[in-house]
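Overview (structure and organization)
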Amino acid sequence: MAAMALVPSYSPSLWVRVCHALPRLDLTMVMRDNSFIPDSWEYQQTLLVLSSLSAVALVISLLVVLSFLIHYCCCHRGDRSEGSEEEEEDEDASTGHGYSGRKGRGICCVTWVAVASVTLCCVAIGVGFYGNSEANDGMYQLTSSLLTANYTLASIDLLIADTISGLQVSISGPLSSMEELFAGSKPFLTSTRNCRRLSDNVINLLSSISMARSSGGLANESASIGAPIAALTPAPPSVAPTISPGGGIMPSPFSPGWAANTLMVNEDYRWLSYVLLLLLDLIVCLFILLGLAKQARWLLILMTVLAWLALFLSWGSLGLETASVVALSDFCTDPNTFVLNSTHFNSGTSSDVLDYYLTCSRRMNTPFQQPLTQSQRALSNIHTHLSSLDRNALAQFPKAEKSLREVQQILNSTEGNFHQLVALLNCRGLNKDYIDSLKGLCYDGMEGLLYLSLYSFLSALAFTAILCSLPGAWRSFPSDSEDYEDSDSESEDPFTSHQARRQTTAGSQRGALPPFYNYPGASWTPPFSSAPPLPTPNVSSNGNPGYESLPLTDRQSPPPSYSPSMLTGYGGSSQSHPNSSHSRNLYSR
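Some points on the packing of helix H6 (residues 186-207) against helix H12 (residues 369-392)
Between H6 and H12, the shortest axis-to-axis distance is 9 Å and the interhelical angle comes to 160°. Comparing the axis directions of H6 and H12 gives the class roughly antiparallel. Like other packed secondary-structure pairs, H6 and H12 cross with a definite hand, here left-handed. Counting all contacts with H6, which are made through Phe188, Ser191, Thr192, Asn194, Cys195, Leu198, Ser199, Val202, Leu205 and Leu206, the residues of H12 involved are Pro371, Gln374, Ser375, Ala378, Leu379, Asn381, Ile382, His385, Leu386, Leu389 and Asn392.

Comments concerning helix H11 (residues 351-359)
Taken together, the buried positions of H11 are Val353, Leu354, Tyr356, Tyr357, Leu358 and Thr359. Once H11 finishes, cysteine 360 follows within two positions and takes phi at roughly 50°, a positive value.

Observations regarding the packing of aromatic side chains
As enumerated under the stated definition, the model contains eleven aromatic pairs in all. Look at phenylalanine 182 and phenylalanine 188: their rings are 5.7 Å apart centre to centre, the planes differ by 55°, and that puts the pair in the tilted class. A residue is classified by how much of its surface remains accessible, and phenylalanine 182, at 1% relative accessible area, is buried. According to the relative accessible area criterion, phenylalanine 188 is buried, its value standing at 11%. When the ring of phenylalanine 188 is compared with that of phenylalanine 397, the centres are 6.1 Å apart and the planes differ by 85°; the resulting orientation is edge-to-face. You can see phenylalanine 188 sitting in helix H6 and its partner phenylalanine 397 sitting in the loop between H12 and helix H13 (401-425), a full 209 residues away along the chain. A connected cluster of aromatic rings, assembled from ring pairs, spans Phe36, Tyr43, Phe331 and Phe338.

Some details on a nonpolar patch on the surface
The grouping of Phe129, Trp271, Leu272, Leu276, Leu279, Ile283, Leu286, Phe287, Leu289 and Leu290 at the surface amounts to a nonpolar patch, some 850 Å² of accessible area in total. The biggest single contributor to the nonpolar patch is helix H7 (residues 256-294), with nine residues. You can call phenylalanine 129 partly exposed: its relative accessible area is 33%.

With respect to the state of the cysteines
Across all of its chains, the model carries two disulfides by this definition. Bridging cysteine 332 to cysteine 442, the disulfide has an S-S length of 2.0 Å. With the S-S dihedral at roughly -85°, the linkage between cysteine 332 and cysteine 442 falls on the left-handed side. With a gap of 110 residues between them, cysteine 332 in helix H8 (residues 297-333) and cysteine 442 in helix H14 (residues 427-475) connect regions that are remote in the sequence. Like cysteine 442, cysteine 332 is buried. Linked covalently through their sulfurs, cysteine 360 and cysteine 427 form a disulfide whose S-S length is 2.1 Å. Looking along the S-S bond of the cysteine 360-cysteine 427 disulfide, the torsion reads about 65°, which is the right-handed sense. Here cysteine 360 is found in the loop between H11 and H12, whereas its partner cysteine 427 is found in helix H14, with 67 residues between them in sequence. Each of the two residues, cysteine 360 as well as cysteine 427, counts as buried.

Remarks on the nonpolar core
The biggest cluster of nonpolar side chains holds 41 residues, and the ones touching the most others in it are Phe182, Leu206, Ile209, Tyr357, Leu421 and Leu425. Of all the secondary structure elements, the ones that give two or more residues to this core are helix H4 (101-172), helix H5 (174-181), H6, H11, H12, H13 and H14. Of the residues forming this core, the biggest block, eight residues, is contributed by H4. Phenylalanine 182 has contacts with Phe188, Leu189, Thr192, Leu389, Ala393, Phe397 and Ala400, leaving out every residue within four places of it along the chain. In terms of nonpolar packing, the next biggest core, distinct from the first, is built from 33 residues, Val65, Leu277, Ala310 and Cys468 among them.

Quick notes on the rules
- Residues numbered from 1 in each chain as written.
- Predicted model: local features only at pLDDT ≥ 70, side-chain atom pairs only at ≥ 80, totals over all residues.
- Heavy atoms only, no water.
- Axes fitted to C-alpha atoms, helices over the stretch in contact; angles between N-to-C directions.
- Helix = DSSP H or I, 4+ residues; strand = E, 2+ residues; numbered from the N terminus.
- Parallel < 35°, antiparallel > 145°, perpendicular 65-115°, else oblique.
- Left-handed = near helix turned anticlockwise from the far one by under 90°.
- Contact = heavy atoms within 4.5 Å.
- Buried < 20%, exposed > 50% of the residue type's maximum accessible area, 1.4 Å probe, protein only.
- Phe/Tyr/Trp six-rings, centres within 6.5 Å; stacked < 30°, edge-to-face > 60°.
- Patch = residues over 30% accessible without salt bridge, like charges linked within 9 Å, V, L, I, M, F, W, Y side chains within 5 Å.
- Areas by Shrake-Rupley, 256 points an atom, 1.4 Å probe, with all protein chains shown as cover.
- Salt bridge = Lys/Arg side-chain N within 4 Å of Asp/Glu carboxyl O.
- Disulfide = S-S within 2.5 Å.
- Core = buried A, V, L, I, M, F, W, Y, C linked by side-chain atoms within 4.5 Å.

Structure follows, in structure tokens:
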């Protein structure tokens, strides 16, 4: 933690500190240190123990589901035979949905448990989509920072290479020509040889500060898989490096560009895998609701199989996420210590160079200060010698003007590259990339993993409840034989629903309403007609003729309705009728 106090603009978040404080046990149940040492077998054992907690939870879920399956398959067999008469009475008293009483209450309870479980699963899916997006944002910020750091390192190496090649060209070309021309003048020859000697010194000094060996400090530890760096080629930060080491072996020394390229590929697969898992959970939940609404047994059986798969995937992903969260919290608590002590990052690089770029403290001087200062002085002396030759030698040796101008042009280009190199070697730019990568990994990445862990836990609980409730739901659904047992395939209307058929059958068992003209005690009969007799309408549960359940062609016309004035006008005729009270009852209907 002492090293982290020196890092500006970064401090471990609350969730990092909480997860880092979790106790660590190895396979022998012995407490271990929570320092981030991924290569240590003892540390790996602690992660395995934490991941195994999800396996224990999976076993508990399986036992709970198994107990419910035993309850439905074994314990309810006797209840089904003993309570058959009660179920028939419930069906006789049923309403539109076909169930009531004890059976209806059981179906309602099981259905609402399944609906509540599906709702919980949908909430978990929403949490999962948010967590997956947050984790992807964190990895995007991490890879962008690594690519920016790689671009900076490649620019440094390119500037050094251009400066060295330019000085070598000047030594082998124009300066050699000037030495031949000034062979007869000792002062001018001495100045030319001093320029050659100083150019050699600058080449040696710049070669000693090549970033091909010191770039390990900038590689984000997120790729703790870390290691080695290869020759870098400058490329925009948005473009991944073209280097791809053969056989999947990490380049040596460690390259942030290679790490960014590897992380982007792995992140794409991780993001896609979680999206597919979330879509699977969502499809299962939606089709379970559809199966409950349609009372489709085959659909619920299929969704039960997929729910088993989703249950295993949820607990498995929770184990991986638990290990990842704990390991990431250990790293993010003190990343500098891991980078400084890791051989993956400090191969060929001094600890002073790493510490300079990781902390970027104002009290620290750049480790390249001495070679940069000496190179600056050498370039300044070369410029002084060339100015002296320009003033004094060209008047005597006009043929040396072309070579002198070439050397001055190379020197101006070298000084421009040198100033850019000094600016790039400053720790501020690279340290900013380091801090941005830490924030992306330890803030957004950590938050995304926590949300994904919550999603896995909630979805596992939801699918456990779904698997416990679905067998009871489809067991209570009516079978196809029950729907069609009272149907007459030759005479029934194909446009009449099964629900109306059940209502018609139930009404016919209670008795039918007498025909319209068949009144008890009536002394008159309807006129003779050759038309076929009208069918007897069924009676619904409220005592009215069940016309709605009959085809349109078989329905009787309703009796005419009369106003009170019309009934008064026909009072005389009603009195002359031998059964006047019966006629009034007819009109009052």
